[in-house]
Amino acid sequence: MSDFSPLHDLILLPAAGLLWVLPIFVGVSNFRAKGYSPYWMWFAIVPLFGWIAMIVSLSLPARRRCDACGTEVPPGLKRCQKCGRDEMSLLSAGIRAS
Ligand SMILES: [Zn+2]
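Summary of the structure given here. The model shown is predicted, which means the values in this text are computed figures rather than measured ones.

Right, let's get into helix H2 (residues 47-59). Inspection of H2 places Gly 50, Ala 53, Met 54 and Ser 57 among the buried residues, and these make up the whole buried set. The buried side chains of H2 occupy one side of the element, clustering within an arc of 105° when seen end-on. Opposite its buried face, H2 presents the exposed residues Leu 48 and Ser 59, each directed more than 90 degrees away. Structurally, H2 contributes buried residues whose contacts are with helix H1 (6-33).

Have a look at this one:
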């Protein structure tokens with residue numbers, strides 16, 4: 001009845017492990033680069049959710065912060081809502097510097 005070779009398991013298990021771990025690495029680096037907490041990838045504790053979280057991390061706009069007053073500027077806006085300046089930097093850059 002069972003004609004699965006042990007070799008089959010040896011290939012399948014690392015492949016399944018890679019499919020689980022891969023979106024976690026991609027997601028964490030995406031969340032970090034865009035100024036979000038990489039802890040969102042805890043969703044990946046459930047295998048399929050890792051892929052969902054990775055897709056979310058890819059589609060999120062990068063968070064930006066006003067250079068003058070430090071207020072977070074919503075995506076799509078060209079000027080700070082608080083002080084009206086148009087100079088802003090990525091939030092992730094500020095996290096890395098401090
Ligand atoms: Zn501002």
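Time to look at the sheet that holds strand S1 (residues 64-66). The strand order across the open sheet formed by three strands is S2-S1-S3, and the pairing between neighbours is antiparallel. Two strands lie at the open edges of the sheet, namely strand S2 (72-73) and strand S3 (88-90), each paired on one side alone. As paired elements, S1 and S3 share three bridges and run antiparallel to each other. Bridge assignment links Arg 64 to a residue of S3, and that residue is Leu 90.

About the thresholds
Residues numbered from 1 in each chain as written. Predicted model: local features only at pLDDT ≥ 70, side-chain atom pairs only at ≥ 80, totals over all residues. Buried ≥ 20, exposed ≤ 12 C-beta atoms within 10 Å, placed from the backbone. Helix = DSSP H or I, 4+ residues; strand = E, 2+ residues; numbered from the N terminus. Arc of directions from axis to C-beta. Contact = placed C-beta atoms within 7 Å. Pairing = 2+ DSSP bridges.

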